[in-house]
Amino acid sequence: MTGVFITLEGVEGVGKSTNLTYIQSKLNASGHPVVVTREPGGTEMAEEIRHLLLQPRSEPVSEMAELLLMFAARAQHLHALIKPSLNAGQWVLCDRFTDATFAYQGGGRGLPLHWISNLETMVQQTIKPDLTFLLDLPVEIGLERAAKRSELDRFEVEKKTFFEQVRNAYLMRAEQEPDRFAIIDASVSLSEVHAQIDKVLAEKLGVKAE
């Protein structure tokens, strides 16, 4: 018996945290207790790697080092949390996964996509999300929202062009795998975003709105 693997993706400021909590509540209410996690991170060791990745620093970070650290954290996350949970029949809800690597390190950093694909195969083997919510909105709106937070991490201080490339890479991924991706217009009101999510949960997973 295997569980269901759901991920949330999007550029900065799209409202992933808020909507992750909403999706968790809908799944719990429908009788599907869910393991909630995030990337990079999710386990003690992977969270330590997350700190290395996100901490602002004066030393320039190699794009290759960044990519390998992402997959090192993912390998541990899969080994210690995601795989055991899915094998136990649990539902897993994850804030970002490998689509973020294709978007940020591939689209944003410009690393060859086949490098990322090769690492994906090595680390994940056959594991992929069953459903991915892509929260999408214009980059300038997302950056305005993100700027209202407290301290920005190493990625959040990137320029607008970087995030435009990230957004485009996300949309390209969604176009390539339309059965897995559900694009959510995150520029509208929160109630309208939730209505879109409800529709996807009902259609894709049979989770009905209350």
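Everything that follows concerns the structure shown earlier in this document.
Residues numbered from 1 in each chain as written. Predicted model: local features only at pLDDT ≥ 70, side-chain atom pairs only at ≥ 80, totals over all residues. Heavy atoms only, no water.

K.L.:
Would you mind showing me how to read the pairing of strand β3 (residues 91–95) here?
P.N.:
Of all five residues in β3, five are buried; the element is thus mostly enclosed. As defined by bridge partners, strand β1 (residues 5–9) adjoins β3 across four bridges and the pair is classed as parallel. Its bridge partner lying in β3, I6 is registered against L93. Pairing of strand β2 (residues 34–38) with β3, which is carried by five bridges, proceeds in the parallel orientation. In the strand pairing of β3, V35 is matched with V92. (Buried < 20%, exposed > 50% of the residue type's maximum accessible area, 1.4 Å probe, protein only. Helix = DSSP H or I, 4+ residues; strand = E, 2+ residues; numbered from the N terminus. Pairing = 2+ DSSP bridges.)

K.L.:
Teacher, can you tell me more about the packing of aromatic side chains here?
P.N.:
With the rule as written, the count across this model stands at four aromatic pairs. Between the NZ or CZ atom of R74 and the centre of the ring of F71, over which it lies, the distance is 4.8 Å. Sitting over the face of the ring of F97, R74 holds its NZ or CZ atom 5.2 Å from the ring centroid. (Phe/Tyr/Trp six-rings, centres within 6.5 Å; stacked < 30°, edge-to-face > 60°. Lys NZ or Arg CZ within 6 Å of the ring centre and 35° of its normal.)

K.L.:
Looking at this model, I keep getting lost on the nonpolar core. Mind explaining?
P.N.:
Proteins that are soluble and globular tend to have nonpolar side chains buried together. Within the largest apolar cluster, 36 residues are counted, with the highest numbers of intra-cluster contacts made by I6, L27, Y104, F133, Y170 and I197. Ranked by residues supplied to this core, first place goes to helix α7 (residues 160–176) with six residues. Apart from residues lying up to four places away in sequence, L27 is in contact with I6, H32, V34, W91, L201 and V207. Core analysis: the next-biggest nonpolar cluster, separate from the first, contains 16 residues, L67, L78, I116 and I127 among them. (Core = buried A, V, L, I, M, F, W, Y, C linked by side-chain atoms within 4.5 Å. Contact = heavy atoms within 4.5 Å.)

K.L.:
Just checking my understanding: could you explain the environment of R57 for this structure?
P.N.:
The residue R57 is located in the loop between α2 (44–54) and α3 (63–87) in this model. Note on R57: relative accessible area 37%, which makes it partly exposed. Considering only alpha carbons, one finds R57 and D99, 42 residues apart in sequence, at a separation of 25 Å. Side-chain polar atoms of R57 contact the backbone oxygen of L52, separated by 2.8 Å. (Polar contact = N/O pair within 3.5 Å; in protein donor to acceptor, adjacent residues only side chain to side chain.)

K.L.:
What should I look at first to understand α2 in this one?
P.N.:
In an α-helix, one full turn covers 3.6 residues, which means residues spaced three or four apart are oriented alike. Within α2, burial applies to A46, I49, R50, L53 and L54. Along the long axis of α2, the arc covered by the buried residues comes to 125 degrees, so they all point the same way. (Arc of directions from axis to C-beta.)

K.L.:
Please clarify how the pattern of salt bridges should be interpreted in this entry.
P.N.:
Side-chain pairs of opposite charge can arise whenever the charged atoms involved come near each other. Scanning the entire structure with this criterion turns up 14 salt bridges. The residue E39 makes a salt bridge to R74 at a minimum N-O spacing of 2.6 Å. Residue E39 is found in the loop between β2 and α2, and its partner R74 is found in helix α3; the two are separated by 35 residues along the sequence. By relative accessible area, E39 is classed as buried at 5%. Each of D99, K128, R173, E177 and R180 takes part in salt bridges that share partners, so that together they form one network. (Salt bridge = Lys/Arg side-chain N within 4 Å of Asp/Glu carboxyl O.)

K.L.:
Explain the packing of helix α4 (residues 98–108) against helix α5 (residues 113–124) to me, please; I cannot follow it from the model alone.
P.N.:
The N-to-C vectors of α4 and α5 enclose an angle of 155 degrees; their axes lie 10 Å apart at closest approach. Between α4 and α5, the angle is such that the two are roughly antiparallel. For the pair α4 and α5, the crossing hand works out as right-handed. On the side of α4, the interface is formed by T98, T101, F102, Q105 and G106, while α5 contributes L113, I116, S117, E120 and Q124. (Axes fitted to C-alpha atoms, helices over the stretch in contact; angles between N-to-C directions. Parallel < 35°, antiparallel > 145°, perpendicular 65-115°, else oblique. Left-handed = near helix turned anticlockwise from the far one by under 90°.)

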